[in-house]
Amino acid sequence: MLLLDILSKDICNKVYIIAEIGQNHQGSVETAKQMILAAKNAGCHCVKFQKSDLQAKFTRSALNRRYISEHAWGSTYGEHKEYLEFSEQQYKELQDYSKEIQIDFTASAMDERSLDFLAALNVPFIKIGSGDANNFPLLMKAATLGIPLVISTGMQSLETVDRIVQIMEEAGHKQYALLHCVSSYPTEAKDCNLRLIPFLKKRYANVTIGYSGHELGISITKAAVLSGARIIERHFTLDKNQKGSDHRCSLEPSELAALVKDVEQLQRENILLKEVYTPSAIIDILGNTMEVEQALADVQQKLILSCELPCRHKLGKSIVAARKLEKGHQLQEADLLIKVSEPPGIFAERYYDIIGVKLTSSVDEDEPITENNI
Ligand SMILES: CC(=O)N[C@H](C=O)[C@@H](O)[C@H](O)[C@H](O)COP(=O)(O)O
Ligand SMILES: C=C(OP(=O)(O)O)C(=O)O
């Protein structure tokens, strides 16, 4: 299977292309099937969805908050997400359909219950989205399942990415990839920071590096391939003008097909036998456009970008009390969960740092632990 060959680095000149259907199916299984077929016809290797167990992923206050947006499918965020969430039975139906037309089918596991569900569904790999890249307990569990993992690194620090790699190494899990990603929708060219692809390749020499892009158009994604990305993920839509947060920065079928064709041509011309090109060589190959030049600007350090802060605030995971915790209580793992919280609390990457710390004030069940509590 191509993905496994890429993860084991047996093949270096092919790119595995994932069409991220995400929640662009508008809550309709029929539309999802049309999208799976359109992704297959565009030449993609895989279709991907987003699987959540809403009570496991979000706190009650995050689910109950009013969602005032032209993209809202309900009056609260919980109603909106419920509308877009497929049942386990519907997942099986979509998986069967994907099998029938021979395209890989998977989803991101956005909480532990969804991870268990996807593992049981026997998907070829499980995606861990940027929102869970700092969810170390989830990553530890995922690393022990014996299933390939594709892990995005948007809205995370370099320290967190180092920790992901350490978790995989400690678990002896070798079949995984890290995707460079910037969690802003759409990402402006100047924020794409494609030089972080060779940076990550050098820092984690044994790990396959890919790119999950949220920018407009396909040129920057092609530049990502020439920067060394061997797994590409792009949001996919049947029509960019539809209601929904992700449609605008998604590719329509003709754009996705053009991306696949252009990547295949780079492969046919043996250009991908060399993995990493310099920015000037990439511009020579693709032709000079301002956006590609901006996306390739010199960047030496992986930081959480200011353009990612709205997404980190909205969908970043926080540390939450699993039950009511009294003042003076010394925190243990069993006391804590990791969820999207409204308002956010201490971010999930500090989970292991606060174990053993005594609470200076009580925290209610399903409420975030904040700096004021420790
Ligand atoms: C960080 C993350 O999960 N991002 C996902 C993947 O890129 C997105 O598809 C979000 O689910 C989507 O943008 C949320 O939109 P809304 O809040 O309108 O449901
Ligand atoms: C959030 C996701 O993707 P990314 O972090 O790659 O944008 C996802 O796949 O669910």
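For the structure itself, look to the data block above.
Summary of the structure given here. Computed from a predicted structure; not experimentally measured.

**Remarks on the site of ligand 1**
Working step 1: For ligand 1, the set of nearby residues contains 16 residues, the closest of which are Tyr 77, His 80, Ser 245, Asp 246 and Lys 314.
Working step 2: Between ligand 1 and Tyr 185 there is a distance of 2.7 Å, counted from a nitrogen atom to a side-chain nitrogen or oxygen.
Working step 3: Here ligand 1 loses 92% of its free accessible area of 470 Å² to cover by the protein chains.
Working step 4: Breaking the shell around ligand 1 down by element, the ones donating at least two residues are helix H5 (77–84) and helix H15 (309–315).

**Describing the nonpolar core**
Working step 1: Counting residues in each nonpolar core, the largest one holds 82 residues, and the members touching the most others are Phe 49, Leu 178 and Leu 194.
Working step 2: Sort the elements by how many residues they give to this core and helix H2 (residues 29–42) lands first, with 7 residues.
Working step 3: Beyond its immediate stretch of four places on either side in the chain, Leu 178 contacts Ile 151, Thr 153, Val 161, Ile 164, Val 165, Tyr 204, Val 207, Thr 208, Ile 209 and Gly 210.
Working step 4: Counting 13 residues, the second-largest nonpolar core is a separate cluster that includes Leu 325, Ile 338, Tyr 351 and Ile 369.

**Some words on the packing of helix H11 (residues 219–226) against helix H12 (residues 253–268)**
Working step 1: Packing of H11 against H12 brings their axes to within 10 Å, and their N-to-C directions diverge by 30 degrees. Here H12 runs roughly parallel to H11, going by the angle between their axes. Viewed along their axes, H11 and H12 form a crossing whose handedness is right-handed. Along the contact surface, H11 presents Thr 221, Lys 222, Val 225 and Leu 226, while H12 presents Leu 259, Asp 262, Val 263 and Leu 266.
Working step 2: Taken together, the residues of the contact of H11 with H12 break down into 5 nonpolar, 1 polar and 2 charged.

**Overview of unusual backbone geometry**
Working step 1: A cis amide bond, omega -10 degrees, links Tyr 185 with the succeeding residue Pro 186.
Working step 2: Mapping Pro 186 onto the fold places it in the loop between strand S6 (176–181) and helix H10 (196–203).
Working step 3: A cis amide bond, omega -5 degrees, links Glu 342 with the succeeding residue Pro 343.
Working step 4: Relative to the elements of secondary structure, Pro 343 occurs in the loop between strand S10 (336–340) and helix H16 (351–354).
Working step 5: The residue Lys 9 is not glycine, and still its phi comes out positive at about 65 degrees.
Working step 6: Relative to the helices and strands, Lys 9 is located in the loop between helix H1 (2–7) and strand S1 (16–22).
Working step 7: Its relative accessible area of 36% is what places Lys 9 among the partly exposed residues.

What counts and how
Residues numbered from 1 in each chain as written. Chains lettered and ligands numbered in written order. Predicted model: local features only at pLDDT ≥ 70, side-chain atom pairs only at ≥ 80, totals over all residues. Heavy atoms only, no water. Near = heavy atom within 4 Å. Polar contact = N/O pair within 3.5 Å; in protein donor to acceptor, adjacent residues only side chain to side chain. Areas by Shrake-Rupley, 256 points an atom, 1.4 Å probe, with all protein chains shown as cover. Helix = DSSP H or I, 4+ residues; strand = E, 2+ residues; numbered from the N terminus. Core = buried A, V, L, I, M, F, W, Y, C linked by side-chain atoms within 4.5 Å. Buried < 20%, exposed > 50% of the residue type's maximum accessible area, 1.4 Å probe, protein only. Contact = heavy atoms within 4.5 Å. Axes fitted to C-alpha atoms, helices over the stretch in contact; angles between N-to-C directions. Parallel < 35°, antiparallel > 145°, perpendicular 65-115°, else oblique. Left-handed = near helix turned anticlockwise from the far one by under 90°. Nonpolar A, V, L, I, M, F, W, Y, C, P; charged D, E, K, R; others polar.

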